[in-house]
Amino acid sequence: MTAVILVSIFYLNYYLLIPQFLSNRKFKEYAGTVIGVLIIVYCLSTLNQPKPSEFKKEFIPPPIRFKKEFIPPPIRENSMAFVDVKPARKHRFFDFGILILSTISIAVSTSIYGTKEWFVNENQLKEIENQKLSAELSFLKAQINPHFFFNTLNGIYALARKKSDQTPEIILKLSELMRYIIYEADTVKVLLSREVAHIENYIELQRIRLNEMFDVSFNVKGNTGLKQIEPLLFSVFLENAFKHGVDYTQPGEIMINLEIRDDELIFFIQNPIAKRVPKSTNGNNGVGLKNIKKRLNLVYPRRHELTITTNDNKYTVELKLSLSEA
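Predicted model only: the values in this text are computed from it and were never measured.

What counts and what doesn't
- Residues numbered from 1 in each chain as written.
- Predicted model: local features only at pLDDT ≥ 70, side-chain atom pairs only at ≥ 80, totals over all residues.
- Heavy atoms only, no water.
- Pairing = 2+ DSSP bridges.
- Helix = DSSP H or I, 4+ residues; strand = E, 2+ residues; numbered from the N terminus.
- Axes fitted to C-alpha atoms, helices over the stretch in contact; angles between N-to-C directions.
- Contact = heavy atoms within 4.5 Å.
- Salt bridge = Lys/Arg side-chain N within 4 Å of Asp/Glu carboxyl O.
- Buried < 20%, exposed > 50% of the residue type's maximum accessible area, 1.4 Å probe, protein only.
- Expected span 1.5 Å × (residues − 1).
- Arc of directions from axis to C-beta.
- Parallel < 35°, antiparallel > 145°, perpendicular 65-115°, else oblique.
- Left-handed = near helix turned anticlockwise from the far one by under 90°.
- Nonpolar A, V, L, I, M, F, W, Y, C, P; charged D, E, K, R; others polar.

*Asks:* Which parts of the structure should I look at to understand the sheet that holds strand β4 (residues 214-221)?
*Replies:* The 5 strands lie next to each other as β4-β6-β7-β9-β8, forming an open sheet whose pairing is mixed. Each edge of the open sheet carries a strand with a single partner, namely β4 and β8 (304-311). On average, adjacent strands in this sheet sit at an angle of 5° to one another, irrespective of strand direction. Strand direction decides the pairing type here: strand β6 (residues 252-261) and strand β7 (residues 264-272), joined by 7 bridges, are antiparallel. In the strand pairing of β7, methionine 255 is matched with glutamine 270. In the packing of helix α6 (residues 235-245) onto the sheet, contacts are made with β4, β6, β7, β8 and β9 (314-322), and the angle to β7 comes to roughly 10°.

In structure tokens form, the structure reads like this:
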């Protein structure tokens, strides 16, 4: 009977009291109901308590002494052989101990329910966070891509006005860049080798429109292998280097290095600061640079190090990434 009571209290609390009161933050109602249940249990525990009238006389025979001729003494009502005996409480199945057990049953059911709800809420929060992350990354990419093409189209427009023979070749390079962004970069990760090819196409496009006085170098060290990376991470740095570092009136150099060391990637780019461009534009004020910082914090939290410096009229960016998922 005790087991039946405890199991009933467990499921009553788990399926009725917690969802009805505790989950709806009705703490007073929940506490009052639990106390009421315990009172009912206590009242039930007193139903089978024996009453004083239930005590009765029961004969206990005296010690037997073996003799040759044993004649039992006469039995008298007031004999000391008759004593008061409390009957066995065959039907008493709980007392104050049942209150303790009932409280433990309620506590256990509440703990199990709370743990289950915590796991459900955690999964929901992770799903919401993933959806938020995906939406925010899509938004940031949408901001970067138009900015990227805007700068490139400006260069094509300038050459078209000059009626340069290089205009068709630049448009072809631009179409290759667009193909990569539209069909390949619209994923969570891309092969590092494809991102390197995209950088080479972009640099080649810029070389076509630059004069011979300006030098652009791109060196890749290490094995890209099958390593994957977030697409278009380096586009903003490349754009800024060509936008703010190229001065057509004097020679200059843009150095771009990409090195892979096991699971670490190091991207380095350095460009001169053109005199015709205010230094403030090379800082952190650009929309593209702010966006790439957000993307790095979202996709590579605690797995990246971005250093931007301006020394000796040169603008330097060094990005270190841990490609390991651990």
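After that view of the structure, there is still more to cover.
*Asks:* What am I meant to see in the pattern of salt bridges here?
*Replies:* Oppositely charged side chains can pair when the atoms bearing their charge come close. Counted by the stated rule, this structure contains 4 salt bridges. The partner of lysine 116 in a salt bridge is glutamate 117, and the shortest N-O contact between them spans 3.9 Å. Since its relative accessible area comes to 38%, lysine 116 is described here as partly exposed.

*Asks:* Honestly, helix α2 (residues 27-45) in this entry has me stumped. Any pointers?
*Replies:* Helix length check: α2, at 19 residues, gives a terminal C-alpha distance of 27 Å against a target of 27 Å (1.5 Å per residue), a fit within 8%. Within the sequence span of α2, burial applies to Tyr30, Val34, Val37, Leu38, Val41 and Ser45. Mapping the buried residues of α2 onto a view down its axis gives an arc of 95°, with all of them on the same face. Opposite the packed face of α2, turned more than 90 degrees from it, sit the exposed residues Lys28 and Ile40.

*Asks:* Would you explain the packing of helix α1 (residues 2-22) against α2 in this entry?
*Replies:* For any two helices packed against each other, the geometry is given by the interaxial angle and the distance between the axes. One can describe the packing of α1 onto α2 by two numbers: an axis separation of 10 Å at closest approach and a directional angle of 160°. One element, α1, and the other, α2, form an angle in the roughly antiparallel class. In the packing of α1 onto α2, the handedness of the crossing is right-handed. Taking contact as the criterion, the partners of Ile5, Ile9, Leu12, Asn13, Leu17, Ile18, Phe21 and Leu22 in α1 are, on α2, Phe27, Glu29, Tyr30, Thr33, Val34, Val37 and Val41. When its residues are assigned to classes, the contact of α1 with α2 shows 12 nonpolar, 2 polar and 1 charged.

Interpretation in functional terms is not warranted from these geometric data alone.
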